[in-house]
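Chain and residue survey
Below, each chain spelled out in residue letters.
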Amino acid sequence: MDPSHRTRRRARHGRWLGGGLALAVGAGLALTGAATGTAHAADVNVARNAGFESGLANWTCSAGSGTTVSSPVHGGAAALKATPGGQDNARCSQTVAVRPNSTYTLSAWVQGGYAYLGASGTGTTDVSTWTPDSAGWKQLTTRFTTGANTTSVTVYTHGWYGQAAYYADDISVFGPDGGGGGDPDPVVPATPAGLTAGAVTSSSVTLSWTPVSGATGYHVYRDGTRVQAVTGVSATVTGLAANTSYSFQVSATNTAGESAKSTAVTARTSTTGPNPNPAVPRHAVTGYWQNFDNGATVQKLRDVPAQYDIIAVSFADSTATPGRIVFNLDPAVGYASVADFKADIAAKKAAGKSVIISVGGEKGNVTINSDASATAFADSAYALMQEYGFSGVDIDLEHGINSTYLTKALRRLSAKAGPSMMLTMAPQTIDMQNPGTEYFKTALAVKDILTVVNMQYYNSGSMLGCDGKVYAQGSVDFLTALACIQLEGGLDASQVGLGVPASPRGAGSGYVDPSVVKNALDCLTRGTGCGSFKPSKTYPALRGAMTWSTNWDATAGNAWSNAVGPHVHNLP
């Protein structure tokens, strides 16, 4: 989208980690342990509050960098989230009681930004290990031996300066009890409650349940047979027959064992294929949803207000293969699992909303300049639609495009996805100044499969209107006179939308009050509310408005969608 958000997004892609730490538990396990070389029955995890179930008790985090969160977690109901600052690496530490001349296994589960695990003050050789950023939980493990007079050791985690937050959970310092005791060995977790069946298709059912304290995983059963093992509190069971009733249960697990199965819930698969793409309203509101944290309100798709008809997930990521795209769910947005994210998409579609994948942004730039790259784009975009349930794609490529090959790519994608596929675009103002630009040429070339072009009326500076006059951004004239170029240049009115920032912080320049957006919409559709520029005719079928982003809208109390949404939906 806009340069300001692309700059903020760059930090996210600058390699960042997060984590949680794995608990090695259970008396009598055959681990390398005390000076004798084997873990004895008396060996314990000498770390206290190892799973952060009691907040930050027993832990000290530098510069107030640490907190506890309920998602994501590796086990139990809480995990550590520590956020590095410019001069702080978010070091969280605990001093544990140890026995001299003994060996301890130090382990942890981590996720997110760069994550380090180590021990200092061992009396021998201090140790540490680390991992680069990871989208899922990853275990770090190392060992240390205490000195002849060592009775306490400091264990710690930390991230890296200026990088993203990391998560840590289930930290273990496993070895002989140094007299301070430790967290008790785990007990078999309780039976999960709240099992609910959510979105269904002809071949899948999405399940969710309430977290169980002390659980490190869950087993999912279909008609009494175990079919999945997951670490989060949701799962999508696939490979089912259409129009068939199934019974599902779930159990909780940890190193101590498995709970009893939950009360069963019954769900019937649908008779048709996967949820069809909802129809787009005559007048629609589009919002970009941030799959990253850049200072705007972090939200899940379920939190996006109902005023938004089209939600563009930002962004797909490019790969080393020209044209090929992938999607990586950012841990920073707080989903417990990818299945939970997919369930939110299905729920939005069931509510009549369209969720699409946006291609572009700073690190999502995709090069499509050959037949091979056009094919790679179409095939990979279709694969994402199939996997996640996206209703289509949004083209937000801001580094130049080749209209010939991008058109081929979109045509191929449409042929694979079918007539209900949504196709939107978000060009910059310079890209739509006349029908000879590559972006405009592409829009016209795919006009028969194009849903809407939401041009970005911001971060632009002054531009020419359709009357040949120069208009400065930030005014009703800028919106109407530039929209006129598209409306008179070959696009149908139903394919034109006004793209604006949701708040002053959403863009570097060009923010306009929602009242200005409403005036521009009225000017174009009704001939009222115009400034000095008055179009020669009205365009009642104008599609609506777009904003960057739903997150910046939420930061400002959803003032934009609360004002513009009802106005769009009441256009003629």
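Quick look at the structure, then. What you see is a predicted model; the values in this text were computed from it and never measured.

1. Section: the sheet that holds strand β14 (residues 205–208)
- The sheet built from three strands is open, its strands ordered β13-β14-β17 with antiparallel pairing. Looking at strand neighbours, the two that pair on one side only are β13 (196–200) and β17 (234–237), the edges of this open sheet. Looking at each pair of strands side by side, their axes are set apart by 25° on average, direction ignored.
- By the bridge criterion, four bridges tie β14 to β17 in an arrangement that is antiparallel. Its bridge partner lying in β17, Val-205 is registered against Val-237.
- In the packing of helix α2 (residues 338–350) onto the sheet, the strands contacted are β13, β14 and β17, and the crossing angle to β17 comes to about 70°.

2. Topic: the layout of surface pockets
- Approximately 1000 Å³ is the volume attributed to the largest pocket.
- Looking at the lining of the largest pocket, the elements that each hand over two or more residues are β10 (134–145), β17, α2, α3 (371–388) and α4 (403–417).
- Of all the elements, α2 adds the most residues to the lining of the largest pocket, at seven residues.
- Taken together, the residues of the lining of the largest pocket break down into 22 nonpolar, 18 polar and five charged.

3. Here's the deal with the pairing of strand β21 (residues 284–290)
- With seven of its seven residues buried, β21 lies for the most part within the structure.
- In this sheet, strand β31 (residues 544–548) lies alongside β21 in parallel orientation, the contact comprising five bridges. Bridge assignment links Val-285 to a residue of β31, and that residue is Ala-545.
- The pairing of β21 with strand β22 (residues 310–318) spans five bridges and is parallel. In the sheet register, Gln-290 faces β22, and the bridge partner there is Ser-314.

4. Here's the deal with the environment of Asn-369
- The residue Asn-369 is located in the loop between β24 (354–360) and α3 in this model.
- Counting along the chain gives 35 residues from Asn-369 to Thr-404, while the straight-line C-alpha distance between them is 8.0 Å.

5. Focus on the pairing of strand β20 (residues 265–268)
- Only one face of β20 is covered, namely the face carrying Val-265 and Ala-267; the face carrying Thr-266 and Arg-268 is uncovered.
- In this sheet, β20 lies alongside strand β18 (residues 245–254) in antiparallel orientation, the contact comprising four bridges. Along β20, the bridge assignment pairs Phe-248 with Val-265.

Rules used throughout
Along every chain, residues carry numbers that run from 1 in the direction the sequence is written. For a predicted model such as this one, the threshold for reporting local features is a pLDDT of at least 70, and the threshold for listing and counting side-chain atom pairs is 80 or more; totals across whole chains, interfaces and linings nevertheless cover every residue. Excluded from the side-chain calculations are hydrogens and water; all other atoms, namely the structure's heavy atoms, are used. DSSP calls a pair of strands paired once it identifies at least 2 bridges connecting them. Under the scheme used here, helices are H or I runs from DSSP no shorter than 4 residues and strands are E runs no shorter than 2 residues, and both carry numbers assigned from the N terminus. To obtain an axis, a line is fitted to C-alpha atoms, over the contacting stretch when the element is a helix, and the angle between two such axes runs from 0 to 180 degrees between their N-to-C directions. In what follows, residue pairs with any heavy atoms lying within 4.5 Å of each other are defined as contacts. The definitions used throughout rest on a 1 Å grid laid over the protein atoms alone, on which a cavity is an enclosed set of points accommodating a 1.4 Å probe that cannot get out and a pocket is an open set flanked by protein within 12 Å on both sides along at least five of seven lines; lining residues are those having an atom within 4 Å of a point. Grid points are joined across faces, edges and corners, and a volume is the space filled by probe spheres set on the points. Side-chain classes are defined by residue name, with Ala, Val, Leu, Ile, Met, Phe, Trp, Tyr, Cys and Pro counting as nonpolar, Asp, Glu, Lys and Arg as charged, and the others, Gly among them, as polar. Think of it in three bands: with a 1.4 Å probe and only protein chains considered, a residue is buried below 20% of the maximum accessible area for its type, exposed above 50%, and partly exposed in between.

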